[in-house]
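# Breakdown of the fold
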Amino acid sequence: MDVRVVAYEALPEHSAALRSVYADAFCAPPWNEDEERADAFVARLGSDVRRPGFTAALAFDGPDVVGLATAWATPTPFPVDRCYPQAAAGLGLSRTEEWLCGAREIDELAVRPTARGRGIAGGLLRAVTEDAPDGRAWLLTSLRSPRAVAFYRRQGWTQATHLSPDGHGIAVFLGPRHPARTLAAQPL
């Protein structure tokens, strides 16, 4: 298994494989995304590569792509689209700006189910965060996937937001070297 950071110019040659990995990882439960979301991911990469601090890593098994990770620098002001408002509501405005703006944000992490259990996801995560400024890396994940939540905890990530009253939503995780990880509220 070979995990490597890939220049954004090299991503288009892997677009069919990236779409396939995304679909394999996210069209199954608990994510239950449809094939259109996999198409949208590949289309979105065209604009994502232009984000400041964009980085991508791919995992190869021989010539085959079996995993991917993408990340970039979170802009200031903090975005208000996608799931960002939930993250800001969970942390509050001050912590959101201090902890997340300018930090390395992991956008996608996906590994084919047939390649799981070999340390690929951890390798991909390290590849896109090892040079994060001052160790400031963070991500969002859905709380409907206990497996994802447990994985990030095993990798040394700190959960900084917790269940909403209805038990759903997203959680913000701070990377193992994020300077604010010890300041995050722990669950009761």
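If you're wondering where the values come from, they're calculated on a predicted model, not measured in any experiment.

### Quick word on the packing of aromatic side chains
This structure, assessed with the given rule, holds 9 aromatic pairs. Pairing Tyr-22 with Phe-41 gives two aromatic rings, centres 4.7 Å apart and planes at 10 degrees, and the pair type is stacked. In this pair, Tyr-22 is assigned in helix α1 (residues 15-26) and Phe-41 in helix α2 (residues 35-48), connecting sequence segments 19 residues apart. According to the relative accessible area criterion, Phe-41 is buried, its value standing at 2%.

### Focus on the sheet that holds strand β1 (residues 2-6)
Strand order in the open sheet formed by 7 strands is β1-β2-β3-β4-β5-β7-β6, with mixed pairing between adjacent strands. Of all strands in the sheet, those bounded by a partner on one side alone are β1 and β6 (158-159). Looking at chain direction, strand β2 (residues 55-61) and strand β3 (residues 64-73) are connected through 7 bridges and run antiparallel. Its bridge partner lying in β3, Thr-55 is registered against Ala-71.

### Quick notes on unusual backbone geometry
Pro-30 follows Pro-29 through a cis peptide bond whose omega is 5 degrees. Structurally, Pro-30 is set in the loop between α1 and α2. A cis amide bond links Thr-76 with the next residue in sequence, Pro-77, at an omega value of 0 degrees. With respect to the helices, strands and loops of the structure, Pro-77 is situated in the loop between β3 and α3 (84-91). The residue Asp-134 is not glycine, and still its phi comes out positive at about 55 degrees. Looking at the secondary structure, you find Asp-134 in the loop between α5 (120-129) and β5 (137-142).

Scoring rules and cut-offs
- Going along each chain's sequence as written, the residues are numbered from 1 onward.
- Totals for whole chains, interfaces and linings use every residue, but because this is a predicted model, local features are given only for residues with pLDDT of at least 70 and side-chain atom pairs only at 80 or more, for both listing and counting.
- For the side-chain quantities, the full set of heavy atoms in the structure was used; hydrogens and water were omitted.
- In summary, the pairing rule links any two rings of Phe, Tyr or Trp, Trp by its six-membered ring, whose centres are within 6.5 Å, and it sorts them by plane angle into stacked for under 30 degrees, edge-to-face for over 60 and tilted for everything else.
- Note on conventions: DSSP H or I runs of at least 4 residues are helices, E runs of at least 2 residues are strands, and numbering of each starts at the N terminus.
- The classification of residues rests on relative accessible area computed with a 1.4 Å probe and restricted to protein chains. Under 20% of the type maximum is buried, over 50% is exposed, and intermediate values are partly exposed.
- At least two bridges found by DSSP between two strands is the condition for calling them paired.

Honestly, that's just the spatial picture; any functional story needs more than this.
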